[in-house]
Amino acid sequence: DSGHTSTQTSISVTWTFPYVGNLPITQVQLRYRETALSGPWTTVPLTGSPNSYSITGLEPFTFYTITVSATNALGDSGASAPVNVRTAESTPGKVTDLQAEGTVSSDSNPQIRLTWGPPDAEKPKGIILYYQVAYGVDEDSIGGPQNTVGNQTTYLLDASTLVAGSTYSIQVWGVTNAGAGEKETTTVAFQPVPNPPSGVGVANVRDCACVSVDVTDRAALTVSWNPPDGENGDIIGYRIFYSRGDTGGEVQTVTDGTSAQLDDLHPASKYTVTVAAYNSLFSSTGNELLTVDTADGCPAPPNDVNAVQVSNGSTVHCNINWSAPVMTNGDVRSYTVHYR
């Protein structure tokens, strides 16, 4: 029979001997290992016939499998039935991959979206009850913590009171039943939410999308704009959002200049285009959506071409008919008939 108690790094085991025979016990062997690993046992030989032992140097919040056997002059008793014991929880380590990203709420208030990974992911030190978030202009002035809902690893920080141009320290840490864990810190240089660019214009690069014999089905647009007006922080780039009908949108990022070319577009198609500015923290809304029709392209060949010889006295001629191309890439203006 055995009993046990545990701390964060130790397990105290007790046992009794149901029958010892006529010969005294000369040694007790205690063996243990991490239950999940099923690796080699650690064996602790104990001289005489003790009935307790404290295993130290263990990992917190970890299951260990333990057996005990006794030896006398006639041999080994064989191992007891194994018992599985988990060490107590400890405070967690640091959260991982702490990231801060600016966002804007539905009522136009600036927010900082914090995301992170759980601490001690490979070997947790306890069950995370919740996380705490705190911030200040430096680590010495960080205010009282705010709690997350449960153990979710994301948090929206209200940034409406933060001052543009200031740098803030933000800390996140986990809490278990054993207490608060190590704090992870990131810094954020707060910037205003930029305004959208002004003077956005869109034009076809070519009047016709028929570039060459080999490239006959792609159009291109040139998009240009002016930097946004007002306080915008340090603008580091622009994003052009464009889409064709209901086919889903695409994004092109521009970090040099205030114009760009959108290539590989469908000819004779209606596109919507908008441009947004972004700084190191926030992105503006796009300018008012602009709609443009791309240039016509070359049509596919006509289908079902048929020629019928017709005789009228001494005159012979051919009647030729066909159906329209499956893909016109614009309005078909005329057909040309070649013969020899």
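Nothing here was measured: the structure is a model prediction, and the numbers come from that model.

Student: How would you explain the overall build of the protein chain if you had to name every residue and give the values?
Tutor: For the protein chain, the helix and strand inventory stands at 0 helices and 25 strands. On C-alpha atoms alone, the protein chain measures out to a radius of gyration of 38 Å, which is more than a quarter above the 20 Å that the 2.2 N^0.38 rule sets for 340 residues. Its C-alpha atoms give the protein chain principal-axis dimensions of about 135 × 65 × 30 Å. Per-residue burial for the protein chain yields a buried fraction of 33% across its 340 residues. Relative to all contacts within the protein chain whose residues are 6 or more apart in sequence, the contacts with residues 24 or more apart total 60%. Summing over all exposed atoms, the protein chain offers an accessible surface of approximately 19,700 Å²; the carbon and sulfur share of this is 48%.

Student: Hey, could you go over the sheet that holds strand β10 (residues 110–117) for me, with residue numbers and the actual values?
Tutor: Ordered by their spatial adjacency, 3 strands build an open sheet running β9-β10-β13, and the pairing between neighbours is antiparallel. The open sheet has two edge strands, β9 (96–104) and β13 (154–158), and neither has a second partner. Adjacent strand axes in the sheet meet at a mean angle of 20 degrees, parallel and antiparallel pairs treated alike. Taken together, the 5 bridges between β10 and β13 define a ladder with antiparallel strand orientation. Looking across to β13, one finds that T115 is bridged to T154.

Student: Tell me about the nonpolar core, residues and numbers included.
Tutor: Counting 19 residues, the largest nonpolar core has I112, L114, W116, V133, I170, V172 and F190 as the members making the most contacts within it. If you list the elements that add at least two residues to this core, you get β10, β11 (130–136), β13 and β14 (167–176). For L114, the residues in contact, after removing those within four places along its chain, are Q99, A100, V133, T153, T154, Y155, I170 and V172. V200, W225, V254 and V292 belong to the second-largest nonpolar core, a separate cluster that totals 17 residues.

Student: Explain the packing of aromatic side chains to me, using residue names and the numbers behind them.
Tutor: Within the structure shown, the criterion is met by 5 aromatic pairs. Ring centres of Y135 and Y168 lie 6.5 Å apart, and the angle between their planes is 65 degrees; this geometry places the pair in the edge-to-face category. Taken together, the positions of Y135 in strand β11 and Y168 in strand β14 put the pair 33 residues apart, joining distant regions of the chain. Stacked on the ring of W173, the Lys or Arg K183 has its end atom at 4.6 Å from the ring centre. Positioned above the aromatic ring of Y278 is the side chain of R239, whose terminal nitrogen or guanidinium carbon lies 3.8 Å from the ring centre.

Student: Can you lay out the sheet that holds strand β21 (residues 259–265) for me, pointing to particular residues and giving the numbers?
Tutor: Here we have 3 strands laid out as an open sheet, ordered β17-β18-β21, and antiparallel in their pairing. Among the strands making up the open sheet, the edge pair consists of β17 (198–204) and β21. Going across the sheet, the axis of each strand differs from the next one's by a mean of 20 degrees, ignoring polarity. Pairing of β17 with strand β18 (residues 219–226), which is carried by 5 bridges, proceeds in the antiparallel orientation. Note on β18: the bridge partner recorded for V202 is V223.

Student: I'd like to hear about the pattern of salt bridges, residue by residue, with values.
Tutor: Within this structure, the stated rule accounts for 3 salt bridges. In this structure, the salt-bridge partner of R218 is D264, at a minimum N-O distance of 2.7 Å. Placement of R218 in the loop between β17 and β18 and of D264 in strand β21 is noted, with a sequence separation of 46 residues between them. Here R218 falls in the partly exposed class, since its relative accessible area comes to 25%. The exposed category is assigned to D264, whose relative accessible area is 56%.

Student: Run through a nonpolar patch on the surface, naming residues and quoting values.
Tutor: A grouping of V305, I320, W322, V332, Y335, V337 and Y339 is seen on the molecular surface, where their side chains present a nonpolar patch of about 700 Å² in accessible area. With relative accessibility at 39%, the residue I320 sits in the partly exposed group.

Student: Any chance you could break down the pairing of strand β22 (residues 270–278) for me, citing the residues and the numbers?
Tutor: Most of β22 sits out of view: 7 of its 9 residues are buried. As paired strands, strand β19 (residues 237–244) and β22 are joined by 8 bridges and run antiparallel to one another. Pairing of I240 across the sheet is with V275, part of β22. Bridging between β22 and strand β23 (residues 290–293) involves 4 bridges; their strand directions are antiparallel. Among the inter-strand pairings, T272 is bridged to a residue of β23, identified as T291.

Student: For the side chain of T186, give the residues involved together with the corresponding values.
Tutor: Examined against the element boundaries, T186 turns out to sit in strand β16 (residues 184–189). For T186, a relative accessible area of 17% gives the class buried. Other than its neighbours up to four places away in sequence, T186 contacts L98, Y168, S169 and I170.

Student: Which residues make up the environment of S6, and what values do they have?
Tutor: If you trace the backbone, S6 turns up in strand β1 (residues 2–6). On the basis of relative accessible area, S6 is assigned to the partly exposed category, the value being 32%. Separated by 229 residues in sequence, S6 and I235 place their C-alpha atoms 57 Å apart. In contact with S6, not counting residues within four places along its chain, are I11, V85, R86, T87 and A88. A polar contact of 3.2 Å, which involves the side chain of S6, links it to the backbone oxygen of R86.

The rules behind the values
- Chains are numbered independently. Their residues run from 1 in the order of the written sequence.
- For a predicted model such as this one, the threshold for reporting local features is a pLDDT of at least 70, and the threshold for listing and counting side-chain atom pairs is 80 or more; totals across whole chains, interfaces and linings nevertheless cover every residue.
- To obtain the side-chain values, all non-hydrogen atoms of the structure were included, while hydrogens and water were left out.
- Secondary structure elements follow DSSP: runs of H or I no shorter than four residues count as helices, runs of E no shorter than two count as strands, and numbering proceeds from the N terminus.
- Put simply, the radius of gyration uses C-alpha atoms, and a globule should come to 2.2 Å times the residue count raised to 0.38.
- For every residue, the accessible area (1.4 Å probe, protein chains only) is compared with the maximum for its type, and the residue is labelled buried under 20%, exposed over 50%, or partly exposed between those bounds.
- The contact rule is simple, with two residues in contact once any of their heavy atoms fall within 4.5 Å.
- Using a 1.4 Å probe, accessible areas were evaluated by the Shrake-Rupley method; residue-level cover was limited to the displayed protein chains.
- One requirement defines pairing of two strands: DSSP has to find at least two bridges between them.
- For every element, the axis is a line fit to its C-alpha atoms; helices are fit only across the contacting stretch, and the angle between N-to-C directions ranges from 0 to 180 degrees.
- Definition of nonpolar core: a set of buried residues of the types Ala, Val, Leu, Ile, Met, Phe, Trp, Tyr and Cys, connected through side-chain atoms within 4.5 Å.
- Two rings belonging to Phe, Tyr or Trp (six-membered ring only in the last case) form a pair when the distance between their centres is within 6.5 Å. Interplanar angles under 30 degrees mark stacking, angles over 60 mark edge-to-face geometry, and anything in between is tilted.
- Distance and angle both matter: a charge sits over a ring if NZ of Lys or CZ of Arg is within 6 Å of the ring centre and within 35 degrees of the ring normal.
- Salt-bridge detection follows one rule: a side-chain nitrogen of Lys or Arg within 4 Å of a carboxyl oxygen of Asp or Glu.
- Each patch groups residues whose relative accessible area exceeds 30% and which form no salt bridge, using 9 Å between like charges and 5 Å between nonpolar side chains of Val, Leu, Ile, Met, Phe, Trp and Tyr.
- Any pair of N or O atoms that falls within 3.5 Å is considered a polar contact. Within protein, one atom must be able to donate a hydrogen and the other to accept it, and sequence-neighbouring residues count only if both atoms are side-chain atoms.

Geometric descriptors of this kind do not, in isolation, establish any biological role.
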